[in-house]
Amino acid sequence: DIQMTQSPSSVSASVGDRVTITCRASQGISSWLAWYQQKPGKAPKLLIYAASSLQSGVPSRFSGSGSGTDFTLTISSLQPEDFATYYCQQANSFPPPITFGQGTRLEIK
Amino acid sequence: QVQLVQSGAEVKKPGASVKVSCKASGYTFTGYYMHWVRQAPGQGLEWMGRINPNSGGTNYAQKFQGRVTMTRDTSISTAYMELSRLRSDDTAVYYCARDRRSGGILYYFDYWGQGTLVTVSS
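Just so you know, these numbers come straight off a predicted model, no measurement behind them.

1. Describing the overall build of chain A
Stage number 1. Per the secondary structure count, chain A includes 0 helices and 11 strands.
Stage number 2. Along chain A, helices (α) and strands (β) appear in the sequence β-β-β-β-β-β-β-β-β-β-β when read from the amino end.
Stage number 3. For chain A, the C-alpha radius of gyration of 13 Å lies close to 13 Å, the compact-globule estimate for 109 residues.
Stage number 4. Taken over the C-alpha atoms alone, chain A extends approximately 40 × 25 × 25 Å along its principal axes.
Stage number 5. Here chain A holds 109 residues, and the buried ones make up 47% of them.
Stage number 6. A total of about 4,900 Å² of accessible surface is found on chain A, and carbon and sulfur atoms cover 48% of it.
Stage number 7. For chain A, the centre of its 8 positive side-chain charges and the centre of its 6 negative side-chain charges are spaced 5 Å apart.

Written out as structure tokens, the structure is:
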């Protein structure tokens, strides 16, 4: 299985800050990567797919980059509603299974 | 608008089976693959498998092979996930999630159900 490792596991930041979360795959996955946001008690929400494509309706302060094994999610100016847990997910379907990172909890400083 | 509405919470004993439903609306059910993802309490996300609602074809994560069955009823636009021989570590919220690609599969999940908590306890 392809292992996905996120860092940091948690981060504290303030409204208006720029935050970057990284995700590393155990083997190359080209650009087959997505990012999700999850708030407590809610289902995950797709933010970014294909490493850098913004899902419809997602604010432009979210951006993704990377290919191969190293990826980043950047939030350019944190808003109060952005405090949540973020997951990366590899979509390189051969071989299955699809796997997620362990999550990064973004907390208010 | 696209909606995925799942069945309610379940409490099961070890060794039993559970069947979770996911009713789709707002789009052509047979046009998009459906995936199932679970999340144990306080833990991360785990992909279980997917079904092609058009053909009924399935692909399961090896971890669940032999215990999971994904089916669908196209007449009522509903997907099902049945997990058998339940153990305490199957306690989790189970989500259905639609694949983002129409007519194919990308393994990006753009719409999610609200989740179904399955508790396995003696």
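Once the structure has been displayed, the description carries forward.
2. Some thoughts on unusual backbone geometry
Residues and elements named next belong to chain A.
Stage number 1. With omega at -5 degrees, the peptide bond leading from Ser7 into Pro8 counts as cis.
Stage number 2. Structurally, Pro8 is set in the loop between β1 (4-7) and β2 (10-13).
Stage number 3. The backbone of Ala51 sits at a positive phi, close to 70 degrees, despite the residue not being glycine.
Stage number 4. Relative to the assigned elements, Ala51 resides in the loop between β5 (45-49) and β6 (53-54).

3. Details of the sheet that holds strand β3 (residues 19-25) of chain A
All names here are of chain A.
Stage number 1. One open sheet accounts for 4 strands, arranged β1-β3-β8-β7; its pairing is antiparallel. At either end of the open sheet lies a strand with only one pairing partner, and these are β1 and β7 (62-67). With strand direction ignored, the average angle separating the axes of adjacent strands in the sheet is 20 degrees.
Stage number 2. Pairing geometry for β7 and strand β8 (residues 70-75), over 6 bridges, is antiparallel. What sits directly across from Ser67, in β8, is Asp70.

4. Focus: the interface of chain B and chain A
Stage number 1. In this assembly, 18 residues from chain B lie in contact with 21 residues from chain A.
Stage number 2. Both faces considered, chain B and chain A share a buried interface measuring about 1,700 Å² in area, 65% of it formed by carbon and sulfur atoms.
Stage number 3. Of all residues in chain B, Leu45(B), Tyr107(B) and Tyr108(B) give up the largest surface area on contact with chain A, accounting jointly for 38% of the area buried on that side.
Stage number 4. The tally of links between chain B and chain A comes to 0 salt bridges.
Stage number 5. Where chain B packs against chain A, one counts 10 residue pairs in polar contact (both at pLDDT 80 or more).
Stage number 6. Secondary structure elements with two or more residues in the side of chain B that touches chain A: β4 (34-39), β5 (45-51) and β10 (109-112) of chain B.
Stage number 7. Classifying every residue of the side of chain B that touches chain A by side-chain character gives 10 nonpolar, 5 polar and 3 charged.

5. Topic: the pairing of strand β1 (residues 3-6) of chain B
All names here are of chain B.
Stage number 1. Alternating residues of β1 divide into Leu4 and Gln6, all buried, and Gln3 and Val5, none buried.
Stage number 2. Here 4 bridges tie β1 to strand β3 (residues 18-25), and the two strands are oriented antiparallel to one another. The residue bridging Gln3 from the neighbouring strand is Ser25, located in β3.

6. Description of the sheet that holds strand β7 (residues 68-73) of chain B
All names here are of chain B.
Stage number 1. With antiparallel pairing, 4 strands are arranged side by side in an open sheet as β1-β3-β8-β7. Since the sheet does not close on itself, it has two edges, and those belong to β1 and β7, each with one partner. Taking each pair of neighbouring strands and ignoring which way they run, the sheet shows an average axis angle of 20 degrees.
Stage number 2. As judged from the 6 bridges shared by β7 and strand β8 (residues 78-83), these two strands associate in the antiparallel manner. Looking across to β8, one finds that Met70 is bridged to Met81.

7. Structural notes on the state of the cysteines
Residue and element names in this part refer to chain A.
Stage number 1. With the rule as written, the count across this model stands at 2 disulfides over all chains.
Stage number 2. For Cys23, the disulfide goes to Cys88, at an S-S distance of 2.1 Å. The S-S bond linking Cys23 to Cys88 shows a torsion near 65 degrees; that makes this disulfide right-handed. Here the residue Cys23 occupies a position in strand β3, and Cys88 occupies one in strand β9 (residues 85-90), the gap between them amounting to 65 residues.
Stage number 3. Residue Cys88 is classed as buried on the basis of its relative accessible area of 0%.

What counts, and where the lines are drawn
Residues numbered from 1 in each chain as written. Chains lettered and ligands numbered in written order. Predicted model: local features only at pLDDT ≥ 70, side-chain atom pairs only at ≥ 80, totals over all residues. Heavy atoms only, no water. Helix = DSSP H or I, 4+ residues; strand = E, 2+ residues; numbered from the N terminus. Rg over C-alpha atoms; globule rule 2.2 N^0.38 Å. Buried < 20%, exposed > 50% of the residue type's maximum accessible area, 1.4 Å probe, protein only. Areas by Shrake-Rupley, 256 points an atom, 1.4 Å probe, with all protein chains shown as cover. Lys, Arg positive; Asp, Glu negative; His and termini not counted. Charge placed at Lys NZ, Arg CZ, Asp CG, Glu CD. Pairing = 2+ DSSP bridges. Axes fitted to C-alpha atoms, helices over the stretch in contact; angles between N-to-C directions. Contact = heavy atoms within 4.5 Å. Buried area = accessible area lost by both parts, 1.4 Å probe. Salt bridge = Lys/Arg side-chain N within 4 Å of Asp/Glu carboxyl O. Polar contact = N/O pair within 3.5 Å; in protein donor to acceptor, adjacent residues only side chain to side chain. Nonpolar A, V, L, I, M, F, W, Y, C, P; charged D, E, K, R; others polar. Disulfide = S-S within 2.5 Å.

Purely geometric stuff here, so don't read any function into it on its own.
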